[in-house]
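# A structural walkthrough
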Amino acid sequence: MLGKLFKHSFRALNRNKSYVFLNITGLSIGLACSLLIASFIIEELSYDKFYKNSKEIYRVILDGKIGEQQILSAYTCAPLGPTLINELPEVADFCRIEFWSEVIIKNNEKSFAVSRFMEADSSFFNIFSIKLINGDKNRVLSEPHTLVLTQSEAHRIFGDEDPVNSLLKVGRDSTLYRVTGIMEDFPENSHIQADMIGSFMTNPRSNDPTWLSNSFFTYVLLKPHSNIEDSNQKLNSILRKYIAPEVHRYIGVSLEDFYEKGNRYSMFLQPLLKIHVEPEIEGGQKSPVNTKYLWIFGCVAMLIIIIASINFMNLSTAQASQRAKEVGIKKVSGSSKSLLVTQFILESVILSFISLIISLVLVYLLLPYFNELLATHLQFIIFKAWWIIPALFILTILVGFISGSYPAFFLSSFQVVNVLKGKIRNNNKTGRLRSVLVVLQFSISMILIIATLIMYRQMNFMLNKDLGFDKENLMIIERGGSIGNHVNAFKSDILDINGVLSVASSTAIPGHNNNNNGYMIKGRTEESFLMQTNWVDYDYFKTYGIKLNSGRFFSPDFSLDKDACIINLSAVKQFGLSNPLSEIVLPPTDSVVPIESNIIGVADDFNFESLHSAIGPYIFRFKNDSINWGYFSLRLKPVHLKSTIEEIEKTWKSYSDNEPMKYYFMDEDFNRMYYQEKQSSRLSMVFSVLAVIIASLGLFGLTSYTINQRTKEIGIRKTMGSSTMEIFILISREIIFLVFISALIAWPVTYYAGDKWIQSFYYRINISIWDFLAGLIIALIIAVATITYQALSIAGTNPANSLRYE
């Protein structure tokens, strides 16, 4: 019986090639889109799952509030890990990590830039299951100045030689490091990435006893079946015990008084598997993914599948008159309704499986382009996990069953007498349902179109907003410490280069903050004020074009400026400073005698972080000669950039012992902050286009059906003198009406969703009526373009042929 059904199904499909082609095209595109989105979501949600102890590994997070400033950060203090393993019974092991910016490694006379260098405790390989190819995991990082290299990095530096026990120079450290092990490369779906791991014992701050100095990441491995709520409570009890004396020493108040003033200083354990999906927590190498976008992508995939299924239903029911005689003959031959329903559903399932095969081929071929478009590293998912093939099998059957169920019941319901008399043409219920399906298709398409327009406008706004400083033609050189104590001489030689307008040295730059410190204000020592800190030289404000609100910038004409400071307007407002130029800031210090720093200027606010965040308090302190690390910022002329950069690189190498120069331009770096938004807008644009294509196929089917039903009517109208344009308007009027109905459904849905999305940006556009009108116009153009050929063809047909129809 089943074999006969398959045979009949294939014969029926073979007789309706155009119908089969349109259906397969729609379903293949829909399934391919959904598979690509599913690949992306699976990849993002699979981060860190490969670690053997992934469910027992936690990262310690600092959750605090000082004054008006909130802190939610993965940076913790050096003594935290050693203390927890001794005083928190649930902790089985701990590991502290510090990630470095790019470091120069020297193997004899050869220099290599390593962009992913980190220091870790010797317990790293006990907690994180990164395989050691060579070396003992308990000993490779157990001594100072020891190194473990990834397999690819070892090959890059040593070629085919055995690197174990070789000596390397790391950065400006005068003591050579010994290679003690080789490890496998970190998988792409690890939130920790390193090409080289140095022993944390080498870090001079590894034994820093200060609990209020947070610079490192602390991971703990909990014992099985530990209660996280109890562990968090015990963790904070330990924390309060150790920070209380330091709060009193640095701020001059008891911990109880500190809390009573509305401040907060606590910690909690963040599961390893949540690190990549909690972007609100500051710190880490890889930018976490916002689960909001995963939900958006998931909804897009579902909507596209719905559009493809609706498209199938529309095309199937549009073929009703062509298949009516087939149904009538089969019923006369004794076929039951249930048997016909089974055959029609089987046809749709067969088409669904054919579409799946085509979609898998499309995904395989398009994946490299998709990766390039979204800057991802997705893999062909079909063999990635055991459950994927069964899931695809079930999805395909569901799509086939849902898509084919209504057409199956509709076609099988034809009465033999009516079929033979040709009375199946006028079915108002069926016509209304097809109209509803088209409305639903175009509503979804319009939602995607308008959402794409809103995303694009917000992206354009962020990339072009005045940031409060000039980011154009601003070149940033990293690893300022490579120049050593020759900063002023290096700057002088750089300024002699024709294409350089100005140059500045600083410890931070917009988008790369590294010091968030607590300050006091003289006369208000019971309060603490948190400010991002940047040590800058005399030329910083000129180079960046930051404007002054009041007072003045640092000047070599005033010797006391080296102890002074400049704050931004947000600090003045948040701290309630009515006359800021008369105030004295007290920076954090270990000294019994407080340091006093006069405020000599107030700078206008500028965006030193992404536009997701409001501008917070910021303080500039003078960068003296003892601070020789950080960045160089160069304002360049917009012409002859290539030759200018070549001259800068020559000067750099002459001062840095021939180290390679790592640089980038500020505008490009700032644009990278909006990676997820760019990714989302690109994805939305691509799938909006594909959704519209699928919807157009359904509209094509509906138009075919409409024309088929009204052929004789059109012939009569032409005989009575109707013009081609009048016939075209007659046919297109219904479609245009349906598109307007779709707009009424799509507009409120898109406004609600778009407003929710845009609220995540502190600086944002206003959603405009033009976004919705533009979506409607685009949908109308697509709808009219889809039906134009068919409408004009039938309008131009000889009326005699139309009247002979049937």
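In short, a report on the structure. Just so it is clear, the structure is predicted and the values come from calculations on it, not from any experiment.

A separate point is the overall build of the protein chain. Per the secondary structure count, the protein chain includes 23 helices and 24 strands. Counting contacts in the protein chain only where the partners sit at least 6 residues apart, residues at least 24 apart contribute 80% of the total. Summing over all exposed atoms, the protein chain offers an accessible surface of approximately 36600 Å²; the carbon and sulfur share of this is 57%.

On to the nonpolar core, then. Counting residues in each nonpolar core, the largest one holds 99 residues, and the members touching the most others are Tyr544, Ile546, Phe554, Phe620 and Phe687. Filtering out sequence-adjacent residues up to four positions away, Phe554 remains in contact with Val536, Tyr538, Phe541, Asp561, Ala564, Cys565, Ile566, Ile600, Phe620, Arg621 and Phe622. Grouped together as the second largest cluster of nonpolar side chains are 30 residues, Trp211, Leu222, Met267 and Met520 included.

What follows deals with a nonpolar patch on the surface. A cluster of nonpolar side chains, contributed by Ile357, Val361, Tyr364, Leu365, Leu366 and Tyr369, occupies part of the molecular surface with about 670 Å² of accessible area. Tracing the chain through its elements places Val361 in helix H10 (residues 337–374). Its relative accessible area of 46% is what places Val361 among the partly exposed residues.

Examined against the element boundaries, Gln69 turns out to sit in strand E2 (residues 69–73). For Gln69, a relative accessible area of 16% puts it in the buried group. In this view, Gln69 contacts Gly64, Leu530, Gln574 and Pro617; residues no more than four positions away in its chain are not counted.

Between the first and last C-alpha of helix H17 (residues 641–655) there are 21 Å, a value that for 15 residues agrees with the 21 Å anticipated at 1.5 Å per step. Regarding H17, the residues found buried are Thr644, Ile645, Ile648, Thr651 and Trp652. Down the axis of H17, the buried set is contained in an arc of 125°. They therefore lie on one face. H17 presents Lys642, Lys650 and Ser654 as exposed residues on the side facing more than 90 degrees away from its buried surface. Taken together, the buried residues of H17 touch strand E14 (474–477), helix H14 (487–495), strand E15 (500–506), strand E23 (631–636) and strand E24 (663–665).

In this section: the packing of aromatic side chains. Overall, the coordinates contain 39 aromatic pairs when judged by the stated rule. Considering the side-chain rings of Phe124 and Phe125, the 5.2 Å spacing of their centres and the 90° angle between planes classify their relative orientation as edge-to-face. In this pair, the class of Phe124 matches that of Phe125, namely buried. Taking the centre distance of 5.1 Å and the plane angle of 70° together, the rings of Trp757 and Phe761 count as edge-to-face. Assessed through its relative accessible area of 0%, Phe761 is described here as buried. One cation-aromatic arrangement involves Lys465 over Tyr763; the distance from NZ or CZ to the ring centre is 4.8 Å. Taking the ring centre of Phe558 as reference, the NZ or CZ of Arg552 above it sits at 3.8 Å.

So, about unusual backbone geometry. Look at His145: it is not a glycine, yet its phi comes out positive at around 55°. For Arg479, which is not glycine, the phi torsion reads 55° and is therefore positive. Tracing the backbone shows Arg479 in the loop between E14 and H14. Look at Arg479 and you get buried, because its relative accessible area is 10%.

Per the stated rule, a full pass over the model turns up 22 salt bridges. Residues Arg479 and Glu102 are paired through a salt bridge, measuring 2.3 Å at the closest nitrogen-oxygen approach. Of this pair, Arg479 sits in the loop between E14 and H14 while Glu102 sits in the loop between strand E3 (91–99) and strand E4 (103–107), and the two are 377 residues apart along the sequence. Of the two residues examined, Arg479 and Glu102, each falls in the buried class. Note that Lys662 and Glu478 form a salt bridge whose closest N and O atoms lie 3.5 Å from each other. Here Lys662 is found in the loop between H17 and E24, whereas its partner Glu478 is found in the loop between E14 and H14, with 184 residues between them in sequence. Through salt bridges with shared partners, a single ionic network connects Glu102, Arg172, Arg479 and Glu659.

Attention now moves to helix H3 (residues 80–87). Inspection of H3 places Leu80, Gly81, Thr83 and Leu84 among the buried residues, and these make up the whole buried set. Within H3, the buried residues cover an arc of 165° as seen down the axis, which keeps them to one side. Of the surrounding secondary structure, the elements contacted by the buried residues of H3 are strand E1 (57–66), E3, strand E12 (217–222), helix H6 (228–251) and strand E13 (264–271).

With that settled, consider the environment of Met201. In this fold, Met201 is placed in the loop between strand E11 (196–199) and E12. Assessed through its relative accessible area of 43%, Met201 is described here as partly exposed. Put simply, Met201 and Glu143 are 58 residues apart on the chain and 6.8 Å apart in space, counted from C-alpha to C-alpha.

Reading the values: the criteria
Residues numbered from 1 in each chain as written. Predicted model: local features only at pLDDT ≥ 70, side-chain atom pairs only at ≥ 80, totals over all residues. Heavy atoms only, no water. Helix = DSSP H or I, 4+ residues; strand = E, 2+ residues; numbered from the N terminus. Contact = heavy atoms within 4.5 Å. Areas by Shrake-Rupley, 256 points an atom, 1.4 Å probe, with all protein chains shown as cover. Core = buried A, V, L, I, M, F, W, Y, C linked by side-chain atoms within 4.5 Å. Buried < 20%, exposed > 50% of the residue type's maximum accessible area, 1.4 Å probe, protein only. Patch = residues over 30% accessible without salt bridge, like charges linked within 9 Å, V, L, I, M, F, W, Y side chains within 5 Å. Salt bridge = Lys/Arg side-chain N within 4 Å of Asp/Glu carboxyl O. Expected span 1.5 Å × (residues − 1). Arc of directions from axis to C-beta. Phe/Tyr/Trp six-rings, centres within 6.5 Å; stacked < 30°, edge-to-face > 60°. Lys NZ or Arg CZ within 6 Å of the ring centre and 35° of its normal.

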